[in-house]
Amino acid sequence: MSITTDVDHWAPWTLDEYARRLIVRRFPVHRHDGVWWQQVKPQFCWPLDLLACIPESGVAPAAHCSLFGYQFVVATQTGATSYMNPMVCGDVATYGLERMEGTRRNVVRRGLRSVEVRPLTRDELARDGWQIKVEFNRRTGWGRPLAREKWQAGVDRQFQEPVIDHSLGAFLGGRLVSFMTWYGAERTAHLTHIAASDEALRCSANDALLYFWMCGVRDSGFYDRAGYSVRSLKPSLDLFKDSHLFRMQSLPARLHLNPLARHFLRASRPAALERLAGLSSQGTRDWLKMGKPPRPSAQPHP
């Protein structure tokens, strides 16, 4: 598939420009020690460019923005105290169906036959997106459904200038069934969110949506790599990303965590603490295997 749409939709921002847009929109972003930082959780920071290697000595976010801690990627294992596990397609130029396994290729083709994928307007998202989010939240358990009025206000903010991301939608019979948001900074494209209705899953809309986006990223010529968030707590979800050629990386990282925050996480949210600590290369392979169904030969006979 070749995507020939509005070039401006695919063009990236510089990291400085992206940071300025976030600040205007009142996102918790600041520059300190020569690095742009973002609060990904209250009082916990990652670099705005998550994949950038940062010198280990004397670099930190502002103290009043990182009371619980911060984490960043470093160049070597020396001094690393954790791993960062982003899901990255590191060779956008060669992305295509021919690189996928046969089952995933067939699913993508089915999705492309079933739905139309194109840039999404505010009115379309406001009209159909709320029901998609209700079904998405119920199915995944991620987040709480919003009242329709709050959803509408959030859509209005999403399309305000300066925009901080772009929207794509998958349509079935003219009705939105799946949508995603993304942005480009420097030479990296980042998928920020994707949500599907129950109906969208039945017609492989997410596969068509993700494939359309990656073809656009590839054909624009603006990007070397694309990122699909970091390791989740669901190996089946990460296996889906892997099947679309987003490979889990194990990047050495420095993790600074307030002792009280560490104690709280260890006692009440051990999975979150384990996710922060990250996985080694072997660990990432084992994690993905957890999402794969057993081979027929390994199944017990009736």
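Structural data are supplied above this passage.
Note that this is a predicted model, so its numbers are computed, not measured. Per chain, residues are indexed from 1 in the order of the written sequence. Local features in this predicted model are restricted to residues whose pLDDT is 70 or higher, and side-chain atom pairs enter the listing and the counts only when it is 80 or higher, whereas totals over whole chains, interfaces and linings include all residues. The basis for every side-chain value is the complete set of non-hydrogen atoms in the structure, without hydrogens or water.

**Digging into the overall build of the protein**
The criterion, for reference: Secondary structure elements are defined from DSSP: runs of H or I of at least 4 residues count as helices, runs of E of at least 2 residues count as strands, and each element is numbered from the N terminus. For a compact globule the rule gives 2.2 Å times the number of residues to the power 0.38, and the radius of gyration it is set against comes from C-alpha atoms. Burial classification: accessible surface area is computed with a 1.4 Å probe over protein chains only, and a residue below 20% of its type maximum counts as buried, one above 50% as exposed, and the rest as partly exposed. For this analysis, residues touch if any pair of their heavy atoms sits within 4.5 Å. Think of it this way: Lys and Arg go in the positive column, Asp and Glu in the negative one, and His and the chain ends go nowhere. Here the site of a charge means atom NZ of a Lys, CZ of an Arg, CG of an Asp or CD of a Glu.
Looking only at helices and strands, the protein features 11 helices and 13 strands. Computed over the C-alpha atoms, the radius of gyration of the protein is 20 Å, within 12% of the 19 Å expected from 2.2 N^0.38 for a compact globule of 302 residues. Overall, the protein is about 60 × 55 × 40 Å in size when its C-alpha atoms are taken along their principal axes. Taken over 302 residues, the protein has a buried fraction of 50%. For the protein, long-range pairs separated by at least 24 residues make up 70% of all intrachain contacts whose partners lie at least 6 apart in sequence. Each charge class in the protein can be summarised by its mean position, and for the 40 positive and 29 negative side chains these summaries are 7 Å apart.

**Re unusual backbone geometry**
Outside of glycine, negative phi angles account for most residues, and trans bonds account for most peptide bonds. Look at the link from glutamate 161 to proline 162: it is a cis peptide, with omega at -5 degrees. With respect to the helices and strands, the residue proline 162 is situated in the loop between helix 5 (148-158) and strand 8 (166-172). Unusually for a residue other than glycine, aspartate 33 sits at a positive phi of about 55 degrees. The topology assignment puts aspartate 33 in the loop between strand 1 (29-32) and strand 2 (35-41). Even without being a glycine, glutamate 186 presents a positive backbone phi close to 55 degrees. Tracing the chain through its elements places glutamate 186 in the loop between strand 9 (175-185) and strand 10 (188-196). What makes glutamate 186 partly exposed here is its relative accessible area of 40%.

**Some remarks on the sheet that holds strand 3 (residues 44-47)**
Here is the rule: When DSSP locates at least two bridges between a pair of strands, those strands are taken to pair. To define axes, lines are fitted to C-alpha atoms, for helices over the stretch in contact only, and angles between the resulting N-to-C directions are given on a 0 to 180 degree scale.
Strands sit in the order 1-2-3-4-13-5 across an open sheet of 6 strands; the sheet is mixed. Of all the strands in the sheet, just strand 1 and strand 5 (82-84) have a single pairing partner and so form its edges. With strand direction ignored, the average angle separating the axes of adjacent strands in the sheet is 35 degrees. With 5 bridges connecting them, strand 4 (residues 69-73) and strand 13 (residues 251-257) associate as antiparallel partners. Of the residues in strand 13, the one forming a bridge with valine 73 is alanine 253. The sheet strands contacting helix 10 (residues 270-277) are strand 3, strand 4, strand 5 and strand 13, and the helix crosses strand 5 at an angle near 80 degrees.

**With respect to the packing of helix 3 (residues 102-114) against helix 7 (residues 205-220)**
We count it as follows: Roughly parallel means an angle under 35 degrees; roughly antiparallel, over 145; roughly perpendicular, 65 to 115; everything else is oblique. For this scheme, ten residues count as nonpolar: Ala, Val, Leu, Ile, Met, Phe, Trp, Tyr, Cys and Pro. Four count as charged, namely Asp, Glu, Lys and Arg, and the remainder, Gly too, count as polar.
Remark: helix 3 packs on helix 7, axes separated minimally by 7 Å, with the N-to-C direction vectors making an angle of 95 degrees. When the interaxial angle is binned, helix 3 and helix 7 end up roughly perpendicular. Judged by residue contacts, Arg104, Val107, Val108, Gly111 and Leu112 of helix 3 engage Asp207, Ala208 and Tyr211 from helix 7. When the residues that make up the contact of helix 3 with helix 7 are grouped by side-chain class, the tally is 5 nonpolar, 1 polar and 2 charged.

**Some words on helix 3**
Since there are 3.6 residues in each turn of an α-helix, residues three or four apart along the chain are aligned in direction. We apply this condition: A helix is expected to span 1.5 Å for every residue after the first. For this quantity, the arc is that covered by the directions from the helix axis to the C-beta atoms.
With 13 residues, helix 3 extends 19 Å between its outermost C-alpha atoms, agreeing within 8% with the 18 Å of an ideal straight helix rising 1.5 Å per residue. Buried within helix 3 are the following residues: Val107, Val108 and Gly111. On an axial view of helix 3, the arc spanned by its buried residues comes to 100 degrees, and they lie on one face. Each element contacted by the buried residues of helix 3 is listed here: helix 7.

**Details of the packing of aromatic side chains**
The cut-off we apply is this: When two rings of Phe, Tyr or Trp (its six-membered ring) have centres within 6.5 Å they constitute a pair, described as stacked for plane angles under 30 degrees, edge-to-face for angles over 60, and tilted for the intermediate range. Cation placement over rings: the criterion is NZ of Lys or CZ of Arg within 6 Å of the ring centroid and within 35° of the ring normal.
Applying the stated criterion to the full structure yields 13 aromatic pairs. Each ring, one from tyrosine 70 and one from phenylalanine 72, has its centre 6.3 Å from the other, and the planes form 10 degrees; the classification is stacked. Residue tyrosine 70 shares its accessibility class with phenylalanine 72, and that shared class is buried. Lying over the aromatic face of phenylalanine 171, arginine 118 brings its terminal NZ or CZ to 3.8 Å of the ring centre. Above the face of the tryptophan 287 ring, arginine 231 is positioned so that its terminal group lies 4.9 Å from the ring centre.

Purely geometric numbers; function is a separate question.
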